[in-house]
Amino acid sequence: MTITEVSPMGHAGENTMFLWLDLTRKCQLECSHCYNASGPDRTHGTMTRDDWFNAIDQATAKGIAGIQLIGGEPMMRPDALEIASHALNLGIRVEVYSNLVHVTPEWWDLLKREGASLATSYYSASAENHNAMTRRPSHGRTRANIEKAVTLGIALRVGIVSNDQENAQAAEREIRALGVTRVGVDHVRPFGRAATDQPSGTGGLCGHCGDGRAAIGPDGSVSPCVFLRLVERRERPHDAASRHPDRPRDGRRNRYHPQHAPGRRLRPRVRTQRGMHSGLPAVRLSAKELREAMARELPGEDFWALIQPHTGYLSGAEPTVRGFGSDLTAMVDCENGPYFVKAMRNREGGRRDSIIREKLINAAVRPLSPALAWTAEDESWIVLGFTVVDGRRSDFSPETADLPIVTQLIERIGNVSLPEIAREWHEQRWDRFTESPEEAQLFRGDALIHGDINPSNLLIGNGESWVVDWSWPTRGAGFIDPACLVVQLVSAGHSAESAEEWASQCKGWQETDPKAIDAFAAATVRMWRTFVERKPEAEWCTAMRDAAQAWADHRSVRVD
């Protein structure tokens, strides 16, 4: 199908000055009020990239001044960035209506362009109420990205959607306090999933359908507005679900199992930033490494059959960009979840041992860490399924307000009693970078050490915070995690003096002989020098080496 065949511009009125481009029905969320019943198992429709380009070209020729990209979640469509850029290049104003669950750096760059703007919906200042509306733990990520848009100076409009006046007022106060000036309030309209017990009718319309505006759907159809298209089709939400090829007629998800879906694979979708507990890398990835991570495939059907006794019906999986410690990390949407799933090939060696350690330590570090809900193992895989928490990665930059929470998290690690299971896990990672066995002894102790302190592993939510990725906990000196924080802070732009001031708030640092910290600083420099020699192309390694060196210089520690 081409845009010429459906001729959307030909159906739009001559006075049309604004278009909704309904790019997709796919969305990470499954909101209870969604007017077109979008969700993880829906599709991008039949319109191709060239079809949308053609529609935009015709819109330009007719003098249309503005478009809004909607869905579903428009940013989930792979070519949506190109579609938005094409419109901007032609001088059309573009508003992207996003749930702000996940915004890539490329989208942030586009939204800074002249003529681009952003819009989103916000349902409650309460994470519980907001998440009840979206049916996913999305509140923290949406709120964080609202803050980021304000910080970046991006034109932003927020719509508060609620039938509860008190709830709407509280949400509006919160959004305005974040610095958003364009805030509107609307009620839930009886279309799509919100039309639970009645057919969609015209009573929920605003009365201005077709008044200088039109909507183009994912299939190329044109209507006076996005809601009226549903009225014309007279669809109830369960009717639409039953006709979807991936759903049975009663609207329930198909059970995913090789016996029930021969040859079918869960479709991979990749997250590139940490939001919910999603196992993003403990390191900074170069552009090349990021592309390689995004290209990874999900495992085969045997893997999903292994975990299905724990997950129930499987409806979607989103691989996360992992570091170097796991063979798979993914957010899995399912009947009993969602879950954050972390998996390792069941082969002898350190990587396998690390996931076993993470499994064994979890009971000792709750509720500091998300709970391990289940485990699965066969001859090919070891799999951990964690409960999902609504948090974002922490910010280590000098201007951030996160550092008091960060230092509290590290102090909470230090307050965990060393579990019996960890007594033989002696910290030895820095030993070979010391000058003598006596120096290595300075790193011994009876504290539980996380050992991988970085922004991706310290998550901050609405009143809660967590430490994730306990892939190699050890028994060692209590200053080690605060010292790791110092190097991370210097790498993020702090002076070494400022970084040590933050670390000094931790008891493990306060009670340590400065000679031990000096020895650790020197060993850290040698360690990162070695890593840079192995991977000279890895910019994040170079940044960490330089940060470690700046810290050692601050302490007047000479490193040969």
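Coordinates for the structure precede this section.
Presented here is an overview of the structure given in this document. (Residues numbered from 1 in each chain as written. Predicted model: local features only at pLDDT ≥ 70, side-chain atom pairs only at ≥ 80, totals over all residues. Heavy atoms only, no water.)

1. Focus on the packing of aromatic side chains
Defined as follows: Ring geometry is summarised as follows: Phe, Tyr and Trp rings, the Trp one being its six-membered ring, pair when their centres sit within 6.5 Å, and such pairs are stacked at plane angles under 30 degrees, edge-to-face over 60 and tilted between the two. Exposed residues in this analysis have more than 50% of their type's maximum accessible area, buried residues have under 20%, and partly exposed residues fall in between, with area computed by a 1.4 Å probe over protein chains only. Two limits define a charge over a ring: the Lys NZ or Arg CZ must be within 6 Å of the ring centre, and within 35 degrees of the ring normal.
Going through the model one piece at a time under the given rule, you end up with 10 aromatic pairs. Ring centres of Phe303 and Trp304 lie 5.0 Å apart, and the angle between their planes is 85°; on these two criteria the pair is classed as edge-to-face. Grouping residues by exposure puts Phe303 and Trp304 together as buried. Here the guanidinium or amino end of Arg357 rests over the ring plane of Trp472, the centre of that ring lying 4.1 Å away.

2. Some words on the packing of helix H3 (residues 49–61) against helix H4 (residues 80–89)
Operational definition: For helices, the axis comes from a line fit to the C-alpha atoms of the stretch in contact; other axes are also lines fit to C-alpha atoms, and the angle between any two N-to-C directions lies between 0 and 180 degrees. In this text, helices come from DSSP runs of H or I with a minimum length of four residues, and strands from runs of E with a minimum of two, each type numbered from the N-terminal end. For this classification, under 35 degrees means roughly parallel, over 145 means roughly antiparallel, 65 to 115 means roughly perpendicular, and everything else is oblique. Helix crossings get a hand from a simple test, with the near helix turned counterclockwise from the far one by less than a right angle marking a left-handed crossing and a clockwise turn marking a right-handed one. In what follows, residue pairs with any heavy atoms lying within 4.5 Å of each other are defined as contacts. In this count, Pro and Cys sit with the nonpolar residues alongside Ala, Val, Leu, Ile, Met, Phe, Trp and Tyr, while Asp, Glu, Lys and Arg are called charged and the others, Gly among them, polar.
At a minimum axis separation of 10 Å, H3 and H4 run at an interaxial angle of 20°. With respect to their mutual orientation, H3 and H4 come out roughly parallel. As H3 packs across H4, the resulting crossing turns out to be right-handed. Here H3 contributes Arg49, Trp52, Phe53, Ile56 and Asp57 to the contact with H4, which in turn contributes Glu82, Ile83, His86 and Ala87. Residues of the contact of H3 with H4, tallied by class, amount to five nonpolar, one polar and three charged.

3. Side note on helix H20 (residues 539–554)
Rules: Expected span of a helix, by definition, is 1.5 Å for each gap between consecutive residues, and there is one gap fewer than residues. Directions drawn from the helix axis to the C-beta atoms are what define this arc.
Given a rise of 1.5 Å per residue, 16 residues ought to cover 22 Å, and the 23 Å separating the end C-alpha atoms of H20 matches this to within 8%. If you check which residues of H20 are buried, you get Trp540, Cys541, Met544, Ala547, Ala548, Trp551 and Ala552. For H20, the angular spread of the buried residues around the axis is 135°, confining them to a single face. After H20 finishes, the residue Ser556 shows a positive phi value of roughly 60°.

4. With respect to the sheet that holds strand E17 (residues 465–467)
Let me state the cut-off plainly: Between any two strands, at least two bridges found by DSSP are needed for them to pair.
If you walk across this open sheet you meet the three strands as E14-E16-E17, and the pairing is antiparallel. Lying at the two open borders of the sheet, with one neighbouring strand each, are strand E14 (391–393) and E17. Averaged over all pairs of adjacent strands, the angle between their axes in this sheet comes to 30°, without regard to strand direction. Two elements, strand E16 (residues 458–461) and E17, share three bridges in a ladder whose sense is antiparallel. Bridged to Leu458 within E17 is Val467. Helix H14 (residues 403–415) rests against E16 and E17 of the sheet, and its axis sits at about 50° to E17.

5. Examining the nonpolar core
Inclusion rule: Nonpolar cores are built from buried Ala, Val, Leu, Ile, Met, Phe, Trp, Tyr and Cys residues. Side-chain atoms within 4.5 Å join them into one set.
Residues Phe479, Ile480, Phe520 and Trp551 are the most contacted members of the largest nonpolar core, which totals 59 residues. A per-element tally of this core places helix H19 (residues 514–534) first, with 11 residues. Ignoring anything within four residues of it in the chain, the contact list for Phe479 reads Leu442, Phe443, Gly508, Trp509, Thr512, Ala516, Ile517 and Phe520. With 44 residues, the next largest nonpolar core counts Leu69, Met75, Trp108 and Ile146 among its residues.

6. Observations regarding the pattern of salt bridges
Side chains carrying opposite charge are able to pair once their charged atoms draw close together. The condition is simple: Basic side-chain nitrogens of Lys or Arg form a salt bridge, by our definition, when they fall within 4 Å of a carboxyl oxygen of Asp or Glu.
As enumerated under the stated definition, the model contains 24 salt bridges in all. Across the salt bridge formed by Glu147 and Arg143, the nearest N and O atoms sit 3.2 Å from each other. Note that Glu147 and Arg143 are positioned in helix H7 (residues 139–151) at a spacing of four residues, about one turn of the helix. A single salt-bridge network, built from bridges that share partners, covers Glu30, Arg136 and Asp333.

7. Let's talk about the sheet that holds strand E12 (residues 372–377)
Spatial ordering of the open sheet is given by E9-E10-E11-E13-E12, a layout of five strands whose pairing is antiparallel. Two strands lie at the open edges of the sheet, namely strand E9 (314–319) and E12, each paired on one side alone. Geometrically, the sheet is characterised by an average inter-axis angle of 25° between neighbouring strands, direction not taken into account. Summarising the sheet, strand E10 (residues 328–334) and strand E11 (residues 339–345) pair through five bridges and their orientation is antiparallel. By the bridge assignment for E11, Met331 is matched with Phe340. Taken strand by strand, helix H12 (residues 301–311) contacts E9, E10, E11, E12 and strand E13 (381–387), and its axis lies near 145° from that of E12.

8. Re the environment of Trp509
With respect to the element layout, Trp509 can be found in helix H18 (residues 507–510). The sequence separation of Trp509 and Gly478 amounts to 31 residues, and the corresponding C-alpha distance is 6.9 Å. Excluding anything up to four places from it in sequence, Trp509 contacts Phe479, Pro482, Ala483, Val486, Glu500, Ala503, Ser504, Ile517, Trp551 and Arg555.

9. Some thoughts on H7
Compared with an ideal rise of 1.5 Å per residue, which puts 13 residues at 18 Å, H7 spans 18 Å between its outermost C-alpha atoms and is within 8% of the ideal. Among the residues of H7, His139, Gly140, Arg141, Thr142, Ala144, Asn145, Ile146 and Ala149 are the ones counted as buried. Tucked into the core, H7 has its buried residues touching helix H5 (105–111), strand E4 (116–122), helix H6 (127–134), strand E5 (156–161), helix H8 (165–177) and E14. Once H7 finishes, Gly153 follows within two positions and takes phi at roughly 75°, a positive value.

10. Things to note about the pairing of E13
Summarising burial for E13: six of the seven residues are buried, a large majority. Pairing between E11 and E13: seven bridges, direction antiparallel. Bridging from a neighbouring strand, Tyr339 pairs with Thr387 of E13. Sheet topology note: the E12/E13 ladder contains five bridges and is antiparallel. Bridge pairing in E13 links Thr375 to Leu384.

Remember that the coordinates give geometry; whether it matters functionally is a separate question.
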